[in-house]
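A closer look at the structure
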Amino acid sequence: MKVFLNAYKYETEAVIKLFFPIERFEFLPCDENSSDVPDSIVCACTDELYVSADISGKRTVKTAPLPENESEYELSLCRLLFVTLSEMTGITPEWGCLTGIRPVKKVNALIREGCDSDTVYERLRDKYLITRRKSDLAYLTAMHQQDALRTLDDKSYSLYISIPFCPSRCSYCSFVSHSITSRGAKELIPQYVDMLCRELSDLGEILRDSSMHCDTVYIGGGTPTAIGADDLYRIMSTAAKSIDLSHIREYTVEAGRPDTMTEDKLSAIKDFATRISINPQTLSDSVLRAIGRVHSSEQFYKAFALARKMGFDNINTDTIAGLPTDTYEGFRATIDGLIALAPEDITVHTLTVKRSAALFQGADRKALTADDVLSDMVNYAFDALTGAGYSPYYLYRQKNTIGNLENVGYSRDGCEGLYNIYIMEETQDILACGAGGSTKLTDRSTGKITRYFNYKYPYEYISRYDRMTGYKEKLKELGR
Ligand code: SF4
């Protein structure tokens, strides 16, 4: 499809993608003949706001006066585009034209400005065309973050440790993670663990005289439990020896896939962590097979029971709405099955379509769950989980998520994952170790965030470790 624009490409493209998530676009400058081109969209900001769309033989033109304030041009054009495409396609994405900004961050900013709940709802509706249901979700989530945000010490940071290996590759996955069954990846693990331990020790050295203290630790992947119990223990004990963890309030290990969890690995984790994540994604065995996840729901139940028996009292379980071949009834059974297990956290993701994932190469829209079914799935999750005593406490949206829907973490009161809140609200420095890790430092006086990236792939991380020192000098100034 051709898209003719004279301004605001980034935001208008994001709005168009809400309606045409897997279409490819050709962006062209607009002129007076652009509106005559079949199968095209025109967005122009001249002496008025102008949008025309010609899709499958149907044509609509809408105009609006320029707002008084130039800073409003972009959002007003996006609103006009949203309304036009909604009319033409019959689709009304529930998050309206809010793209690129985290909804809860927006709500928190309004609360900080002193807005009451009515004003917050009014802004979400009038400025971004967000439905009442999603406004409720954003507002409730913001409310459940207030304690975590209030108790945040600005001399604290979170430590992220990356273990980017998995037992095999799930077909919907677009993360940089290496299947240990692939040639070469398994052989890299010993060197990777050596290098990660070296980075943790180096970080401890850099932070030795800093007044900053570690508040939360998160070990993610990949699937951290894809490596052996000894390696896991070595990484966690090196972190504990190198960095002062005496002030931490939370230590999470994303144990991940149930087929990797054994008693010796859980026992290694138990020595350090306060919280783990065991992720079934779905409790349907046929859906698990369809997404290439080589474990069964029974393995998930066994892993969960083992973790409980070993004393883990804060467990998160991840699910995904919109998995291929899943149905509304199947998804509902997953949510109901998890509620019956009573984990402390249940995270409900919506499937994201990334072309780098094997599943989506050559896929068309028809192969994906229809927007209305997906919307019913996530709405069911909200109703069932809040009805069972869980509250939404963090929320984020990603590009290319089907139906423009969201990922939400629900928890029992007092079991909110602090790391999840701080990373999503960008309120705390994150120091990351390991391949693919991204360190994020916030300038306390300006609020400006600077990111520093470790090498993405384990082989680069191992072989070029010494070149990855660009930001270490900055860390030395942390908290001074
Ligand atoms: S376990 Fe997670 S990180 Fe690993 S391949 Fe599957 S989805 Fe990707």
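Calculation criteria
- Residues numbered from 1 in each chain as written.
- Predicted model: local features only at pLDDT ≥ 70, side-chain atom pairs only at ≥ 80, totals over all residues.
- Helix = DSSP H or I, 4+ residues; strand = E, 2+ residues; numbered from the N terminus.
- Rg over C-alpha atoms; globule rule 2.2 N^0.38 Å.
- Contact = placed C-beta atoms within 7 Å.
- Axes fitted to C-alpha atoms, helices over the stretch in contact; angles between N-to-C directions.
- Parallel < 35°, antiparallel > 145°, perpendicular 65-115°, else oblique.
- Left-handed = near helix turned anticlockwise from the far one by under 90°.
- Nonpolar A, V, L, I, M, F, W, Y, C, P; charged D, E, K, R; others polar.
- Expected span 1.5 Å × (residues − 1).
- Bend = angle between axes of the 7 residues up to and from the residue.
- Buried ≥ 20, exposed ≤ 12 C-beta atoms within 10 Å, placed from the backbone.
- Core = buried A, V, L, I, M, F, W, Y, C linked by C-beta atoms within 7 Å.
- pLDDT = per-residue confidence, 0-100.
- Pairing = 2+ DSSP bridges.
- Domains from an automatic or database assignment.

When helices and strands are counted, the chain shows 15 helices and 18 strands. Taking 480 residues into account, the globule formula puts the C-alpha radius of gyration at 23 Å, and the chain, at 23 Å, falls close to it. Seen through its C-alpha atoms, the chain measures out along the principal axes to roughly 65 × 55 × 45 Å. Taking the intrachain contacts of the chain between residues at least 6 apart in sequence as the baseline, contacts between residues at least 24 apart amount to 73%.

This part takes up the packing of helix H3 (residues 103–112) against helix H5 (residues 132–150). Remark: H3 packs on H5, axes separated minimally by 9 Å, with the N-to-C direction vectors making an angle of 65°. Classed by the angle they form, the pair H3 and H5 counts as roughly perpendicular. Regarding H3 and H5, the two cross each other, and that crossing is right-handed. Residue-level inspection shows Pro103, Val104, Val107, Asn108 and Ile111 of H3 in contact with H5, the latter providing Ala138, Tyr139, Thr141, Ala142 and Gln145. Counted by class, the contact of H3 with H5 contains seven nonpolar, three polar and no charged residues.

Compared with the 32 Å implied by 1.5 Å per residue over 22 residues, the 30 Å span of helix H6 (residues 185–206) between its first and last C-alpha is a close match. The principal kink in H6, of about 30°, is found at Gln191. Inspection of H6 places Leu188, Tyr192, Val193, Leu196, Glu199, Leu200 and Leu203 among the buried residues, and these make up the whole buried set. In this structure, the buried residues of H6 make contact with helix H7 (229–242), strand S16 (429–433) and helix H14 (458–463).

Further remarks concern the nonpolar core. Formed by 120 residues in total, the largest nonpolar core has its most connected members in Leu81, Ile276, Ile278 and Ala321. In this structure, Ala321 is in contact with Phe331, Val348, Thr350, Leu351, Leu374, Met377, Val378 and Ala381, ignoring residues within four places of it in sequence.

Right, let's talk about the packing of H6 against H7 for a bit. Helix-helix packing is characterised by the crossing angle of the two axes and by the distance between the axes. At a minimum axis separation of 8 Å, H6 and H7 run at an interaxial angle of 10°. Relative to H7, the element H6 is oriented roughly parallel. On the side of H6, the interface is formed by Ile189, Val193, Leu196, Cys197, Leu200, Ser201, Leu203 and Gly204, while H7 contributes Asp231, Arg234, Ile235, Thr238, Ala239 and Ser242. By residue class, the composition of the contact of H6 with H7 is eight nonpolar, four polar and two charged.

Turning next to the confidence of the model for the chain. Residues shown with low pLDDT carry predicted positions that ought not to be read at fine detail. Summing up the model confidence of the chain, the mean pLDDT is 90 and the portion of residues at 70 or higher is 95%. Mean pLDDT in the chain bottoms out at helix H15 (residues 472–476), which sits at 71, and peaks at helix H11 (residues 328–341), which reaches 98.

So, on to the pairing of S16. Burial runs high along S16: five of the five residues are buried. Of the two faces of S16, the one carrying Asp429, Leu431 and Cys433 and the one carrying Ile430 and Ala432 are both buried. Taken together, the five bridges between strand S6 (residues 156–162) and S16 define a ladder with parallel strand orientation. Residue pairing in the sheet places Leu159 in a bridge with Leu431 of S16.

The next subject is the pairing of strand S17 (residues 438–442). Where S17 lies against strand S18 (residues 449–453), five bridges are found, and the strand directions are antiparallel. Bridge pairing in S18 places Thr442 opposite Ile449. Counting the residues between successive antiparallel strands, the hairpin from S17 to S18 contains six residues, one of them, Gly447, with a positive phi of roughly 80°.

Moving on, we come to the domain arrangement of the chain. Interfaces are often described in size by the accessible area the parts lose on coming together. Domain parsing of the chain yields domain 1 (2–89), domain 2 (103–149) and domain 3 (150–440). The C-alpha-based centres of domain 1 and domain 2 are spaced at 27 Å.

With omega at 5°, the peptide bond leading from Gly221 into Gly222 counts as cis. Within the secondary structure, Gly222 sits in the loop between strand S9 (213–220) and H7. One non-glycine residue, Ser56, lies in the positive phi region at around 50°. Here Ser56 shows up in the loop between strand S4 (48–55) and strand S5 (58–65). Exposure remark for Ser56: the 9 C-beta atoms within 10 Å place this residue in the exposed category. Here Ala342, not a glycine, exhibits a phi torsion of approximately 60°, which is positive.

Right, let's get into the environment of Gly220. Tracing the backbone through its elements, the reader meets Gly220 in strand S9. Spatially, the C-alpha atom of Gly220 lies 40 Å from that of Lys2, the residues being 218 residues apart in sequence. If sequence neighbours within four positions are ignored, Gly220 has contacts with Tyr160, Ser162 and Glu254.

Moving on to the sheet that holds S5. Strands sit in the order S2-S1-S3-S4-S5 across an open sheet of five strands; the sheet is mixed. The sheet terminates laterally at strand S2 (26–29) and S5, the two strands that pair on one side only. The average undirected angle you get between the axes of adjacent strands in this sheet is 15°. The pairing of strand S1 (residues 2–5) with S2 spans four bridges and is parallel. Paired with Leu5 across the strands is Pro29, a residue of S2. Here helix H1 (residues 9–19) sits on the sheet in contact with S1, S2 and strand S3 (40–45), set at roughly 145° to S1. Its contacts with the sheet place helix H2 (residues 73–89) against S3, S4 and S5, and it is angled at close to 25° to S4.

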